[in-house]
Amino acid sequence: MHVSSRPTQAELWSALSEVPDPEMPIVNLVELGIVRSAEWHADQLVITITPTFAACPAYAVIDESIRQRLQAAGVADVDVRVQHSPAWTTEWMTAAARSKLQAAGLAPPPRHYGNVIQVLMEPVACPRCGSHNTTLQNNFGTTPCRMIYTCVDCKEPFEMFKPL
Amino acid sequence: MEQTHQYALSGYLIALADDELILGHRVSEWTGHAPILEEDIAFANLALDEIGHAKLWYELAADLLGEDKYRYPDQLVYFREPAQFRNLQLVELPKGDWAYSTLRQYLFDAFETLRLGALSQSPYTPLAEIAARIRTEELYHLRHSQAWIPRLALGTEGSAHRMQAALDTLWPYAQALAAPLPGEQDLHAAGIVPSSAALFARWRAEVEQFLTGAGLQVNLHFPISDLSRISHSQHFPALIHDLQTVARLDPEATW
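Residues numbered from 1 in each chain as written. Chains lettered and ligands numbered in written order. Predicted model: local features only at pLDDT ≥ 70, side-chain atom pairs only at ≥ 80, totals over all residues.

K.L.:
Sorry if this is basic, but what is going on with the overall build of chain B here?
P.N.:
The secondary structure content of chain B amounts to 10 helices and 0 strands. When the elements of chain B are put in sequence order from the N terminus, they spell out α-α-α-α-α-α-α-α-α-α. For chain B, whose C-alpha radius of gyration is 18 Å, the value lies close to the compact-globule estimate of 18 Å for 255 residues. Each principal axis of the C-alpha atoms in chain B carries an extent, and together these give about 55 × 45 × 35 Å. Here chain B, with 255 residues, has 44% of them falling under the buried criterion. Taking all contacts inside chain B whose residues are at least 6 apart in sequence as the whole, residues at least 24 apart take part in 74%. (Helix = DSSP H or I, 4+ residues; strand = E, 2+ residues; numbered from the N terminus. Rg over C-alpha atoms; globule rule 2.2 N^0.38 Å. Buried ≥ 20, exposed ≤ 12 C-beta atoms within 10 Å, placed from the backbone. Contact = placed C-beta atoms within 7 Å.)

In structure tokens:
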């Protein structure tokens, strides 16, 4: 590919913003905060990502989705690399992503500013009715990044994205 | 980092990873068999996390040795002989009943959380950053086991009996947490990793207080014949056979 025909950084990030998270398709990879960089190494585009949880099983799907979307944008040679440090944190998730989670009934991770233990002591708001009268059901949930609560007022169980 | 330290650290990390891998394998045996659905979900997640942590350490070891970090972890996991693994016997013992597995998880995770706290202060940045990441995930593991142990130990006569029996069996094996990891002496002298013996003293104080608070009797007389990570229990070859059979059927297969 001739250099001048390469997508710009803005075009690349725009394309990446169209790749949904496989487990929460309402949010995309960029607003989830897992895409670190998009850099050209000669004619190869190297996308560096930082998975949410160490053992995130969605990684293979994410890798393939990124590759497909960028190939559709005209980049023939894409390499997706994983960078584990610095570790991903829910603090990197954008406000837009948090709002989308909330609207979908998945409580967004509370902001913790580096103190996860402290924030886990605080009451969690039910994403459906807004009540803070909720109880922890399980520290684990349907994916590694979620935990299960029950709302005492509206009686509905719900999941929260774990602060990390 | 000096080359001798790089080599020592790779051995240290492989031992840490082996603990995580083997514990994760044992925990995964609960998938579909836990006493209630919520705990089936919890144990499946615990297993996934532990194996994910193993992968991070194996990859860092690969980097230090100049190996391919995509292939080397699989080579270590699927193509070593049982005698080449450096995990503690504590993590390889059969899963036992659910009280036993829950207590083992607590004993191991409480120590690991202390070690990760110390490693996250290491001057070797890749090590420190991965330790900090894993430690945050481990906080959820500890919250889980710390909720269940008092529930069982202070529950019915039957659940209390099982929890005490689990502690009596596991306590001697847990003493091996005090033994240095491969390469630890040199790495500790260089300020790269903490001393297991020092962590063990903190662990024992913390764990004894917690278990005693849950009404359990902690036996201070613990006969333990072999603290090393070289010897394995009679149960270990069968575990490794389960873990490796499929990969060894076709070593060149791509997944």
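K.L.:
Where do I start with the nonpolar core in this structure?
P.N.:
Side chains of a nonpolar character, in soluble globular proteins, are inclined to be buried together. In terms of nonpolar packing, the biggest core is built from 106 residues, with B:Tyr12, B:Leu13, B:Ala17, B:Trp57, B:Ala61 and B:Met163 touching the most fellow members. With 14 residues, the top contributor of residues to this core is helix α2 (residues 37-65) of chain B. (Core = buried A, V, L, I, M, F, W, Y, C linked by C-beta atoms within 7 Å.)

K.L.:
Looking at this structure, how should I read the sheet that holds strand β4 (residues 106-107) of chain A?
P.N.:
Pairing between the strands of a sheet is mediated by backbone hydrogen bonds and can be parallel or antiparallel. Residue and element names in this part refer to chain A. The sheet built from 4 strands is open, its strands ordered β4-β7-β6-β5 with mixed pairing. Edge strands, defined here as strands with exactly one partner in the open sheet, are β4 and β5 (134-138). Looking at chain direction, β4 and strand β7 (residues 157-161) are connected through 2 bridges and run parallel. From the neighbouring strand, leucine 106 faces β7, where its bridge partner is glutamate 159. (Pairing = 2+ DSSP bridges.)

K.L.:
Help me understand the pairing of strand β1 (residues 35-41) of chain A in this model?
P.N.:
For a regular strand, side chains alternate in direction, first toward one face of the sheet and then toward the other. Residue and element names in this part refer to chain A. Of the strand pairs in this sheet, β1 and strand β2 (residues 44-49) are connected by 6 bridges, and their pairing is antiparallel. Bridge pairing in β2 links serine 37 to threonine 48. Two successive antiparallel strands, β1 and β2, enclose a turn made up of 2 residues, where alanine 42 displays a positive phi of approximately 55°.

K.L.:
For this particular structure, what's the right way to read the packing of α2(B) against helix α3 (residues 72-79) of chain B?
P.N.:
What describes two packed helices is the angle between their axes and the distance between those same axes. All names here are of chain B. The N-to-C vectors of α2 and α3 enclose an angle of 115°; their axes lie 8 Å apart at closest approach. For the crossing formed where α2 meets α3, the hand is right-handed. Residues Lys55, Tyr58, Glu59 and Ala62 of α2 form the contact with α3, whose own contacting residues are Tyr72, Pro73 and Leu76. Class assignment for the residues of the contact of α2 with α3 results in 5 nonpolar, no polar and 2 charged. (Axes fitted to C-alpha atoms, helices over the stretch in contact; angles between N-to-C directions. Left-handed = near helix turned anticlockwise from the far one by under 90°. Nonpolar A, V, L, I, M, F, W, Y, C, P; charged D, E, K, R; others polar.)

K.L.:
How should I be thinking about the sheet that holds β2(A) in this particular structure?
P.N.:
All names here are of chain A. Read from one edge of the open sheet, 3 strands run β1-β2-β3, paired in mixed fashion. The two strands at the open ends of the sheet, each matched to only one other strand, are β1 and β3 (78-82). Taking each pair of neighbouring strands and ignoring which way they run, the sheet shows an average axis angle of 20°. Across the sheet, helix α3 (residues 59-72) touches β2 and β3, and the angle it forms with β3 is around 150°.

K.L.:
What exactly am I supposed to notice about the interface of chain A and chain B here?
P.N.:
Many authors give the size of an interface as the accessible area that is lost as the parts come together. Opposite the 18 residues of chain A that make contact, chain B presents 22 residues. Elements represented by at least two residues in the side of chain A that touches chain B include exactly α5 (116-120) and β5 of chain A. Residue classes in the side of chain A that touches chain B are distributed as 11 nonpolar, 6 polar and 1 charged.

K.L.:
Mind showing me how you'd approach unusual backbone geometry here?
P.N.:
All names here are of chain A. With a phi close to 55°, alanine 42 is a non-glycine residue in the positive phi region. By secondary structure assignment, the location of alanine 42 is in the loop between β1 and β2. The exposed category is assigned to alanine 42, around which 6 C-beta atoms lie within 10 Å. A positive phi is found at tyrosine 113, a non-glycine position, where the angle reads about 50°.

None of the figures reported here should be taken as evidence of function without further support.
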